[in-house]
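Descriptive analysis of the structure
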Amino acid sequence: MAFNHIAVIGGGAWGSALALTCARAGRKVTLWEPAAGYAAQLMKTRESPFLPGLKIDDSIALAGDVADVVRASALLLVVPAQAVRAVATIVAPHLTRGTPLIVCAKGIERATKKFMSEVIAECAPNAVPAILSGPSFAADVARGLPTAVTLAANDGKLAGELAHAIGSISFRPYHSTDVRGVELGGATKNVLAIAAGAVAGRGLGASAAAALITRGFAELVRFGKAYGAKTETMTGLSGLGDLLLTCSSPQSRNFTFGVNLGRGQKPDEIGGGLAEGVFTAPVLLEMAHERSVDMPIASAVAALLDGKVNVDVAIETLLSRPFKAEG
């Protein structure tokens, strides 16, 4: 099937960037921002408040309401993970059965411990859930800088068609049928990025950062296996690739949140904003405990966010773990 009309729901930095890249791919694009205040600003300036200075191309139609969005042949849902249910519920009654709804959030719903594809299946049954994730910063994608991501759907043919529809010279989606692996990698790496940021903020050096990322990846793989992810997905763009990017750049909100923790700020002083790892950490830990997955770094992050320990105690706890074989 040809997906020539793509709708993007969410006019933030990532939504605006994806709208621009779909337009570059030659698609008809409609962009809708559900929040009235941001929508009014977007309509007035054709500029996302989160990507200042970058104009929304005139070829992109700015929708006034949900009815304009559901005419598209495929939808990208680009809102924070904890808002996916609310926005999908608004869209759901208007969807034609079989419409692909591609979630571009990286997280686990805190209240229910459900992955994003499960949330869509539950509240938008007419939609076909898909997931877009991988190492990507909105500013890079918006500027047309080379980026590769993973797009997953249960139907491999559909995943390939969707990847072709939104792909371009500078934006390359690889397709997959491992929906759980792709969404799990995106959620887990946010928590680990907070830990990496704390290491950087505490000034512990490049060797400590490398150790943290490597051992964090081991946790991601263990968690992924416990929840049915494929190993090749964990070592791919949406797993290792996204982890490396998010754990090494101040462009990452999660990394920056961790840097501030490492510099001595308390979690409630920082303001989580759109640092999805802040919301994901406690539920990730609960889910790990349910399947007996050892995740000491994620545990340390959850304890830090809960105010149970400070950074120095968290680091000491990790360093005092028993010596063992690598694995």
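Residues numbered from 1 in each chain as written. Predicted model: local features only at pLDDT ≥ 70, side-chain atom pairs only at ≥ 80, totals over all residues. Heavy atoms only, no water.

A few words now on the packing of aromatic side chains. Inspection of the entire model under this criterion finds three aromatic pairs. Ring centres 6.1 Å apart and planes at 70° place the aromatic pair phenylalanine 115 and tyrosine 227 in the edge-to-face group. In this pair, phenylalanine 115 sits in strand β7 (residues 114-115) while tyrosine 227 sits in the loop between α9 (206-226) and α10 (231-234), placing the two residues 112 residues apart along the sequence. Across the pair, exposure class does not vary: phenylalanine 115 and tyrosine 227 are buried alike. With a centroid separation of 4.8 Å and 40° between ring planes, the pair formed by phenylalanine 223 and tyrosine 227 is classed as tilted. (Phe/Tyr/Trp six-rings, centres within 6.5 Å; stacked < 30°, edge-to-face > 60°. Helix = DSSP H or I, 4+ residues; strand = E, 2+ residues; numbered from the N terminus. Buried < 20%, exposed > 50% of the residue type's maximum accessible area, 1.4 Å probe, protein only.)

What follows is about the layout of surface pockets. Reported here for the second largest pocket is a volume of approximately 730 Å³. Lining the second largest pocket are 26 residues, and of these Arg215, Ile297, Leu318, Leu319 and Arg321 lie nearest its centre. For the lining of the second largest pocket, the secondary structure elements donating two or more residues are α8 (179-201), α9, α15 (296-305) and α16 (311-319). Sorting elements by how many residues they give to the lining of the second largest pocket places α9 first, with six residues. (1 Å grid on protein atoms, 1.4 Å probe; cavity = no way out; pocket = protein on both sides within 12 Å on 5 of 7 lines; lining within 4 Å. Points joined across faces, edges and corners; volume = space filled by probe spheres on them.)

Checked against the element boundaries, lysine 106 lands in the loop between β5 (99-103) and β6 (108-109). The sequence separation of lysine 106 and isoleucine 169 amounts to 63 residues, and the corresponding C-alpha distance is 24 Å. In this view, lysine 106 contacts Ala81, Ser133, Gly134, Ser136, Gly186, Ala187, Lys189, Asn190, Asp242 and Glu276; residues no more than four positions away in its chain are not counted. A distance of 2.8 Å separates a polar side-chain atom of lysine 106 from the backbone oxygen of glycine 134. (Contact = heavy atoms within 4.5 Å. Polar contact = N/O pair within 3.5 Å; in protein donor to acceptor, adjacent residues only side chain to side chain.)

With that out of the way, let us pick up empty space enclosed by the protein. Taken as a whole and assessed by the stated rule, the structure comprises one cavity of 30 Å³ or more. A volume near 30 Å³ is recorded for the largest cavity. Every residue along the wall of the largest cavity is listed here: Leu31, Glu33, Ala39, Leu42, Met43, Leu62 and Ala63. By residue number, the principal contributor to the lining of the largest cavity is helix α2 (residues 36-45), which donates three residues. Class assignment for the residues of the lining of the largest cavity results in six nonpolar, no polar and one charged. (Nonpolar A, V, L, I, M, F, W, Y, C, P; charged D, E, K, R; others polar.)

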